[in-house]
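Overview (structure and organization)
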Amino acid sequence: MTPPPTARPALWPHLLLVPVTVATLYPVLYVIKLAFSGTGGVSASPWPFPTAASLDAFAAVVQRTDADGRWIFGAQFGNSLVVATAATAIGITLSCSAAYAFARFDFPGRRFGMIAFLATQMFPGILTMIPLYVLMQRLGLLDSMLGLALVYSTTSVPFCTWTLKGWFDTLPKELEESARIDGATRLQVFTRIILPLSAPAVAVTALFSFMTAWNEFVLAYTFLSDEAAWTLPVQIRAFVGDKDVQWALFASSSLIASLPVIALFYALEKHLVGGLTAGGVKG
Amino acid sequence: MATVELEDLEKRYGDVHVVRRLNLRVAHGEFVVLVGASGCGKSTTLRMVAGLDSVTAGTIRIGDRVVNEVSPRDRDIAMVFQSYALYPHMTVRENMAFGLQLRQTPAAEIDKRVRAAATMLGLTDLLGRKPAALSGGQRQRVAMGRAVVREPQVFLFDEPLSNLDAKLRVQMRLEIARLHRRLGATMVYVTHDQVEAMTLADRIAVMHEGLLQQCAPPAEVYGRPANTYVATFIGSPAMNLWPVTATRDADGLCLRGNGLDVHLDAAAAERVRAAIEALPQDGAGGREVTLGVRPEDVDVAAIGDAVLAVDVVEPLGAETIVYGQFDGHEPARAHGRDPPTLQRHEGPAIVRVAPSTQMRAGDKVPVRLRRDRLHVFDVHGLRLAHADGPP
Ligand SMILES: Nc1ncnc2c1ncn2[C@@H]1O[C@H](COP(=O)(O)OP(=O)(O)O)[C@@H](O)[C@H]1O
Ligand SMILES: [Mg+2]
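Since the structure is predicted, the reported quantities are computational estimates derived from the model, not experimental observations.

1. Looking at the packing of helix α4 (residues 136–149) of chain B against helix α5 (residues 166–183) of chain B
All names here are of chain B. Orientation of α4 relative to α5, taken along the N-to-C sense of each, is 15°, at an axis distance of 11 Å. By the angle between their directions, the pair α4 and α5 is classed as roughly parallel. Relative to α5, the crossing made by α4 is right-handed. Residues Gly137, Gln140, Arg141, Met144 and Val148 of α4 form the contact with α5, whose participating residues are Leu168, Gln171, Met172, Glu175, Ile176, Leu179 and Leu183. Grouping the constituent residues of the contact of α4 with α5 by class yields seven nonpolar, three polar and two charged.

Right, dumping it as structure tokens:
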């Protein structure tokens with residue numbers, strides 16, 4: 001056996017990819033550098049690697065309290081968590097059932113519904129801000145976690161529905177028919193056959209919903225006025241105020257805020273890899 | 001009593017008429033095989049019985065109950081799909097238990113039935129595995145086990161063996177036959193494979209373009225095909241069909257055409273002669289019919305009805321199949337009045353001979369048709385008479 005000839009890697013992809021990688025990583029590295037530079041002020045040097053290893057900024061962010069002595073960081077972190085989790089739960093519940101209906105039932109308005117969902121994705125989200133604000137105000141949901149969670153879930157439902165419908169379409173109809181003959185009701189088919197087989201798709205859409213809600217700034221900034229009701233992105237932005245720019249707090253709170261998303265990603269990783277349906281039909 | 005009755009059953013998809021006025025009664029404990037070429041409406045028929053497809057017109061009865069509007073889960077049937085349709089996220093045990101759990105069967109009873117089915121089908125060691133870790137034959141067996149544990153009134157099979165290789169197919173065919181014998185349950189089985197149909201069925205229902213052509217026990221479908229479609233569909237190689245013109249002569253009938261010159265004297269093929277003579281004559285005193293002869297009913301003889309120009313010889317070991325043409329064969333000759341649903345076989349002449357017979361491509365061999373094995377069909381392809389056995 002002669003080893004297969006190893007192709008000499010071409011040079012030009014590297015010439016392209018190295019600058020792109022640097023451009024992508026530079027801001028992230030810079031944020032890390034800022035976060036670890038302590039609270040004493042920031043150098044203007046363009047060097048992206050940490051020059052200090054101070055945790056002062058992190059401590060300052062985590063320990064922040066407001067004028068009344070309330071633990072503001074805890075409240076805001078909790079807000080973000082509640083809003084993102086609720087938005088994900090509501091969004092996934094709605095989009096799973098909607099996607100199943102779109103995938104399997106033939107009803108008047110099916111095509112129109114799918115296209116309408118797609119159409120909402122074509123406009124910039126900011127267009128809906130004023131109507132949403134009016135709606136929230138009428139419903140008394142301004143400054144409320146529930147209101148924000150509802151808004152977030154509705155914005156993620158179209159994407160999640162399309163993704164899940166695409167997945168459901170790939171599940172063989174015979175599985176459901178077999179289950180129906182075995183004695184399952186429509187609902188049992190959905191909960192005991194379809195959903196367990198859809199873990200990868202649900203994981204992807206859940207991650208998407210959570211991340212969208214967790215990182216969202218504009219709507220949260222608009223709907224939440226009380227500092228204790230803020231979510232983390234609003235607070236992060238607030239560190240970079242008009243008169244008072246706290247780059248170190250901005251950077252360290254950004255890093256803290258990204259931790260739950262990273263954790264969630266790792267938790268869902270094994271579901272993100274598909275292949276659960278292998279072997280059920282033919283093979 | 002687990003009978004299945006289809007009465008004037010119809011299925012249309014828009015303009016497409018998939019099943020037409022189907023009437024079929026499956027007796028309790030009977031094994032009926034629906035057979036036909038792909039697309040003839042077999043699966044649709046079975047799916048209507050299962051309740052997976054709606055009925056356009058007609059009635060379906062299971063036992064004494066009209067089930068047209070009954071949901072699949074309440075029909076007390078089990079179905080084995082061509083694709084097996086095992087639940088990929090469940091183990092073999094869970095797959096088999098699923099239906100029983102949904103029906104709130106006590107756990108001990110579920111366990112008992114799953115074990116019994118697993119033993120019967122040789123699945124005991126596989127109960128903890130997921131479908132992905134099974135071979136095709138094992139999956140097929142799990143699909144059958146899943147049906148068996150339910151103890152349904154009626155078993156439905158839709159081409160259950162089509163995804164298996166040839167050897168496994170034979171093995172599973174035997175297993176299904178054994179299963180039927182052991183359970184004595186009513187079974188409706190769909191296949192396009194005539195060997196499966198012949199070997200498994202108590203009765204075969206041959207379908208073509210949504211129409212039931214004939215429903216009878218295998219021997220009868222083979223020995224007395226109702227029309228030229230059934231004649232060529234059942235049996236391999238297919239029955240020879242030759243358009244001929246029958247004229248009277250001194251002591252009987254003469255059938256001529258396609259290079260054939262068959263004389264039926266007063267002693268031969270009485271029913272065939274009678275049936276032909278009952279037909280109206282054309283101006284020249286002839287009657288057009290289609291003569292049907294199975295390949296095994298053609299003998300090499302000193303004085304033949306025709307001379308076979310051998311084209312291809314296929315030695316199969318136990319027998320040899322010879323393909324050829326009769327001298328004087330007119331390729332385009334056919335009756336022009338056949339309705340489109342009844343196909344006419346216009347291929348070469350096919351003869352089945354003993355493997356010891358010496359024959360080579362290019363040989364010219366006189367052949368004789370067995371008088372007691374002739375079939376005649378009218379110009380529409382419908383059976384007029386056959387020479388063999390009871391009428
Ligand atoms: N949902 C459908 N819509 C339109 N035509 C269909 C549909 N399902 C089946 N058919 C048609 O019905 C005919 C019979 O199908 P089927 O019963 O599956 O045939 P078989 O099982 O005998 O191969 C085919 O010609 C097929 O194209
Ligand atoms: Mg079919």
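Once you've had a look at it, read on.
2. As for the sheet that holds strand β4 (residues 57–62) of chain B
All names here are of chain B. Judged by pairing direction, the sheet is antiparallel, and its four strands sit side by side in the order β2-β1-β4-β5 without closing on themselves. The open sheet has two edge strands with one neighbour each: β2 (16–26) and β5 (65–66). Across five bridges, the pairing between strand β1 (residues 4–13) and β4 is antiparallel. If you follow Val4 over to β4, its bridge partner there is Ile62. Running at roughly 115° to β1, helix α1 (residues 42–50) makes contact with β1, β2 and β4 of the sheet.

3. Some details on a nonpolar patch on the surface
Residue and element names in this part refer to chain A. On the surface, Leu11, Trp12, Leu15, Leu16, Leu17 and Val20 cluster together to form a nonpolar patch covering roughly 700 Å² of accessible area. Structurally, Leu17 is set in helix α1 (residues 12–35). You can call Leu17 partly exposed: its relative accessible area is 49%.

4. Quick word on the pairing of strand β3 (residues 31–35) of chain B
Each regular strand carries side chains that alternate between the two faces of the sheet. Residue and element names in this part refer to chain B. Most of β3 sits inside the fold, with five of its five residues counted as buried. Side-chain alternation along β3 places Phe31, Val33 and Val35 on one buried face and Val32 and Leu34 on a second face that is also buried. Note that β3 and strand β8 (residues 186–191) share five bridges and pair parallel. Paired with Leu34 across the two strands is Val190, which belongs to β8. Here four bridges tie β3 to strand β9 (residues 203–208), and the two strands are oriented parallel to one another. Following the sheet pairing, Leu34 is matched in β9 by Ala205.

5. Remarks on the sheet that holds strand β20 (residues 375–377) of chain B
Residue and element names in this part refer to chain B. Spatial ordering of the open sheet is given by β13-β12-β11-β14-β20-β21, a layout of six strands whose pairing is antiparallel. Every interior strand has two partners, whereas the edge strands, β13 (260–265) and β21 (383–386), have only one. In this sheet, neighbouring strand axes are inclined to one another by 30° on average, regardless of whether the strands run parallel or antiparallel. Where strand β11 (residues 240–249) lies against strand β12 (residues 252–257), five bridges are found, and the strand directions are antiparallel. When the bridges of β12 are listed, Thr247 appears paired with Cys254.

6. What about the environment of Arg368(B)?
Residues and elements named next belong to chain B. Relative to the helices and strands, Arg368 is located in strand β19 (residues 364–369). Relative accessible area serves as the criterion here: at 36%, Arg368 is assigned to the partly exposed category. In this structure, the C-alpha to C-alpha distance between Arg368 and Ile303, residues 65 residues apart in sequence, is 7.3 Å.

Conventions we followed
- Residues numbered from 1 in each chain as written.
- Chains lettered and ligands numbered in written order.
- Predicted model: local features only at pLDDT ≥ 70, side-chain atom pairs only at ≥ 80, totals over all residues.
- Heavy atoms only, no water.
- Axes fitted to C-alpha atoms, helices over the stretch in contact; angles between N-to-C directions.
- Helix = DSSP H or I, 4+ residues; strand = E, 2+ residues; numbered from the N terminus.
- Parallel < 35°, antiparallel > 145°, perpendicular 65-115°, else oblique.
- Left-handed = near helix turned anticlockwise from the far one by under 90°.
- Contact = heavy atoms within 4.5 Å.
- Nonpolar A, V, L, I, M, F, W, Y, C, P; charged D, E, K, R; others polar.
- Pairing = 2+ DSSP bridges.
- Patch = residues over 30% accessible without salt bridge, like charges linked within 9 Å, V, L, I, M, F, W, Y side chains within 5 Å.
- Areas by Shrake-Rupley, 256 points an atom, 1.4 Å probe, with all protein chains shown as cover.
- Salt bridge = Lys/Arg side-chain N within 4 Å of Asp/Glu carboxyl O.
- Buried < 20%, exposed > 50% of the residue type's maximum accessible area, 1.4 Å probe, protein only.

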